[in-house]
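Single-letter residue listing:
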Amino acid sequence: MYFDFLIPKRPVSLQIRPRANLQAWKEYVKAEAAKTWTGKPYSETDIQLTLVYLYDRDPVDTDNIVKPIQDALKGLVYDDDSLITDVESHRRSLAGTFDFTRCPSALIQGIVSSIECVYVRVCASRPLEDYL
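Scoring rules and cut-offs
- Residues numbered from 1 in each chain as written.
- Predicted model: local features only at pLDDT ≥ 70, side-chain atom pairs only at ≥ 80, totals over all residues.
- Heavy atoms only, no water.
- Helix = DSSP H or I, 4+ residues; strand = E, 2+ residues; numbered from the N terminus.
- Core = buried A, V, L, I, M, F, W, Y, C linked by side-chain atoms within 4.5 Å.
- Buried < 20%, exposed > 50% of the residue type's maximum accessible area, 1.4 Å probe, protein only.
- Contact = heavy atoms within 4.5 Å.
- Pairing = 2+ DSSP bridges.
- Right-handed = clockwise from strand over helix to strand, strands pointing away.
- 1 Å grid on protein atoms, 1.4 Å probe; cavity = no way out; pocket = protein on both sides within 12 Å on 5 of 7 lines; lining within 4 Å.
- Points joined across faces, edges and corners; volume = space filled by probe spheres on them.
- Nonpolar A, V, L, I, M, F, W, Y, C, P; charged D, E, K, R; others polar.
- Axes fitted to C-alpha atoms, helices over the stretch in contact; angles between N-to-C directions.

Trainee: Explain unusual backbone geometry residue by residue, including any values.
Mentor: Note the cis peptide between R17 and P18, where omega equals -5 degrees. Secondary-structure assignment places P18 in the loop between β1 (2–7) and α1 (19–34). Residues other than glycine seldom take positive phi values, yet D58 does so here, at roughly 50 degrees. Among the structural elements, D58 can be located in the loop between β2 (47–55) and α2 (63–73).

The structure is reproduced here in C-alpha coordinates:
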(Lines give C-alpha, C1' and ligand atoms only; values in the text may rest on other atoms or scores of the structure.)
Protein backbone atom coordinates (compact mmCIF):
# COMPACT_ATOMS: atom_id res chain seq x y z
CA MET A 1 0.00 0.00 0.00
CA TYR A 2 1.16 3.50 -0.73
CA PHE A 3 -0.02 7.07 -0.97
CA ASP A 4 1.00 9.20 -3.93
CA PHE A 5 0.14 12.58 -5.35
CA LEU A 6 1.45 15.23 -7.71
CA ILE A 7 2.68 18.71 -6.83
CA PRO A 8 1.92 20.56 -10.10
CA LYS A 9 4.48 23.29 -9.69
CA ARG A 10 8.24 23.89 -9.84
CA PRO A 11 9.67 22.88 -6.44
CA VAL A 12 11.19 25.38 -4.04
CA SER A 13 14.69 24.86 -2.73
CA LEU A 14 15.51 24.72 0.96
CA GLN A 15 17.92 27.57 0.15
CA ILE A 16 15.21 30.00 -1.07
CA ARG A 17 15.16 33.60 0.07
CA PRO A 18 13.07 35.17 1.49
CA ARG A 19 12.23 32.39 3.93
CA ALA A 20 8.52 33.27 3.76
CA ASN A 21 8.53 31.70 0.28
CA LEU A 22 9.64 28.41 1.82
CA GLN A 23 6.72 28.45 4.26
CA ALA A 24 4.29 29.25 1.45
CA TRP A 25 5.69 26.30 -0.54
CA LYS A 26 5.21 23.93 2.40
CA GLU A 27 1.61 25.06 2.81
CA TYR A 28 1.01 24.55 -0.92
CA VAL A 29 2.48 21.01 -0.79
CA LYS A 30 0.34 20.13 2.23
CA ALA A 31 -2.79 21.44 0.49
CA GLU A 32 -2.02 19.36 -2.63
CA ALA A 33 -1.52 16.23 -0.51
CA ALA A 34 -4.71 16.91 1.44
CA LYS A 35 -6.72 16.79 -1.80
CA THR A 36 -6.23 13.02 -1.98
CA TRP A 37 -5.06 11.89 1.49
CA THR A 38 -7.90 10.06 3.24
CA GLY A 39 -6.18 8.09 5.98
CA LYS A 40 -4.88 8.66 9.44
CA PRO A 41 -1.25 9.77 9.71
CA TYR A 42 1.34 7.03 9.88
CA SER A 43 2.49 6.92 13.49
CA GLU A 44 4.57 3.82 14.10
CA THR A 45 5.67 2.60 10.67
CA ASP A 46 9.08 3.25 9.13
CA ILE A 47 8.41 5.23 5.98
CA GLN A 48 9.97 5.52 2.54
CA LEU A 49 9.59 8.84 0.74
CA THR A 50 10.08 8.82 -3.02
CA LEU A 51 10.21 12.00 -5.13
CA VAL A 52 10.39 12.35 -8.90
CA TYR A 53 11.05 15.92 -10.01
CA LEU A 54 10.13 16.54 -13.63
CA TYR A 55 11.84 19.68 -14.90
CA ASP A 56 11.81 21.83 -18.01
CA ARG A 57 15.14 23.69 -17.75
CA ASP A 58 17.53 24.94 -15.07
CA PRO A 59 16.53 22.27 -12.53
CA VAL A 60 16.62 22.75 -8.79
CA ASP A 61 19.09 20.46 -6.94
CA THR A 62 17.22 17.35 -5.84
CA ASP A 63 18.84 17.32 -2.40
CA ASN A 64 17.42 20.80 -1.70
CA ILE A 65 13.80 19.89 -2.46
CA VAL A 66 13.50 16.85 -0.19
CA LYS A 67 13.36 18.49 3.24
CA PRO A 68 10.65 21.10 2.46
CA ILE A 69 8.36 18.42 1.02
CA GLN A 70 9.14 16.07 3.90
CA ASP A 71 8.31 18.83 6.42
CA ALA A 72 5.09 19.76 4.60
CA LEU A 73 3.62 16.28 5.00
CA LYS A 74 4.27 16.18 8.75
CA GLY A 75 1.01 16.12 10.68
CA LEU A 76 -1.05 15.09 7.65
CA VAL A 77 0.53 11.94 6.18
CA TYR A 78 2.77 11.04 9.12
CA ASP A 79 2.99 12.20 12.72
CA ASP A 80 6.65 13.10 12.55
CA ASP A 81 9.27 13.12 9.83
CA SER A 82 11.55 11.11 12.11
CA LEU A 83 9.52 8.11 10.85
CA ILE A 84 11.13 8.53 7.42
CA THR A 85 13.94 6.02 7.24
CA ASP A 86 14.40 5.88 3.47
CA VAL A 87 14.40 8.63 0.84
CA GLU A 88 14.68 8.35 -2.94
CA SER A 89 14.92 11.51 -4.98
CA HIS A 90 15.00 11.50 -8.77
CA ARG A 91 15.21 14.30 -11.36
CA ARG A 92 14.18 13.78 -14.98
CA SER A 93 13.75 16.13 -17.91
CA LEU A 94 10.24 16.49 -19.28
CA ALA A 95 11.87 16.11 -22.70
CA GLY A 96 12.95 12.57 -21.77
CA THR A 97 11.45 9.26 -22.83
CA PHE A 98 9.18 7.42 -20.41
CA ASP A 99 7.61 3.95 -20.36
CA PHE A 100 4.06 4.73 -19.24
CA THR A 101 3.29 1.06 -18.67
CA ARG A 102 5.63 1.15 -15.65
CA CYS A 103 4.57 4.54 -14.23
CA PRO A 104 1.86 5.21 -11.64
CA SER A 105 -1.05 7.33 -12.90
CA ALA A 106 -0.12 10.44 -10.87
CA LEU A 107 3.36 10.40 -12.44
CA ILE A 108 1.87 9.95 -15.92
CA GLN A 109 -0.35 12.95 -15.23
CA GLY A 110 2.77 15.01 -14.47
CA ILE A 111 4.61 13.85 -17.59
CA VAL A 112 1.64 14.49 -19.87
CA SER A 113 1.04 17.95 -18.36
CA SER A 114 4.46 19.09 -19.60
CA ILE A 115 4.82 21.45 -16.63
CA GLU A 116 7.46 21.21 -13.94
CA CYS A 117 6.14 19.16 -11.06
CA VAL A 118 7.05 16.69 -8.34
CA TYR A 119 5.58 13.22 -7.99
CA VAL A 120 5.49 12.11 -4.34
CA ARG A 121 5.03 8.60 -3.01
CA VAL A 122 4.86 7.64 0.68
CA CYS A 123 4.88 3.98 1.69
CA ALA A 124 6.16 1.63 4.34
CA SER A 125 9.90 1.06 4.19
CA ARG A 126 11.18 -2.24 2.90
CA PRO A 127 13.88 -4.35 4.54
CA LEU A 128 17.33 -2.89 3.96
CA GLU A 129 18.36 -5.87 1.85
CA ASP A 130 15.66 -5.01 -0.71
CA TYR A 131 17.42 -1.73 -1.47
CA LEU A 132 20.82 -3.27 -2.01
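Trainee: A description of the nonpolar core should follow, citing residues and the corresponding values.
Mentor: By size, the foremost hydrophobic cluster in this structure holds 29 residues, and its most contacted members are I69, L73, V77, Y78, V120 and V122. Elements with a minimum of two residues in this core: β1, α1, β2, α2 and β4 (117–124). Filtering out sequence-adjacent residues up to four positions away, V120 remains in contact with F3, D4, F5, I7, L49, T50, L51, I69 and L73. Counting residues in hydrophobic clusters, the runner-up holds 10 residues, among them L94, C103, I111 and C117.

Trainee: Which residues make up the pairing of β4, and what values go with them?
Mentor: With six of eight residues buried, β4 is to be regarded as a mostly interior element. Alignment of β1 against β4, held across six bridges, turns out to be antiparallel. Directly across from L6, in β4, lies its bridge partner Y119. In the sheet, β2 pairs with β4 via eight bridges, with the strands oriented antiparallel. Residue pairing across strands places L51 opposite V120, the latter belonging to β4.

Trainee: Before we move on, can you summarise the pairing of strand β3 (residues 84–93) with the specific residues and values?
Mentor: Here nine bridges tie β2 to β3, and the two strands are oriented parallel to one another. Each bridged residue has a counterpart across the sheet, and for I47 the counterpart in β3 is I84. Regarding topology, α2 serves as the crossover connection from β2 to the parallel β3, and that connection is right-handed.

Trainee: Explain the layout of surface pockets to me, using residue names and the numbers behind them.
Mentor: Within this model, the largest pocket holds a volume of roughly 430 Å³. As for the largest pocket, its lining consists of 17 residues, and the residues nearest its centre are V52, H90, R102, P104 and L107. Elements that contribute at least two residues to the lining of the largest pocket include exactly β2, β3 and β4. Ranked by the residues each element gives to the lining of the largest pocket, the list is headed by β2, at four residues. When its residues are assigned to classes, the lining of the largest pocket shows eight nonpolar, three polar and six charged.

Trainee: Describe the sheet that holds β4, with residues and values.
Mentor: Strands sit in the order β1-β4-β2-β3 across an open sheet of four strands; the sheet is mixed. Here the strands that pair on one side only, and so sit at the sheet edges, are β1 and β3. Taken over all neighbouring pairs, the strand axes of this sheet differ in orientation by 15 degrees on average, direction set aside. Packing against the sheet, helix α3 (residues 105–113) makes contact with β1, β2 and β4, and its axis sits at approximately 10 degrees to β1.

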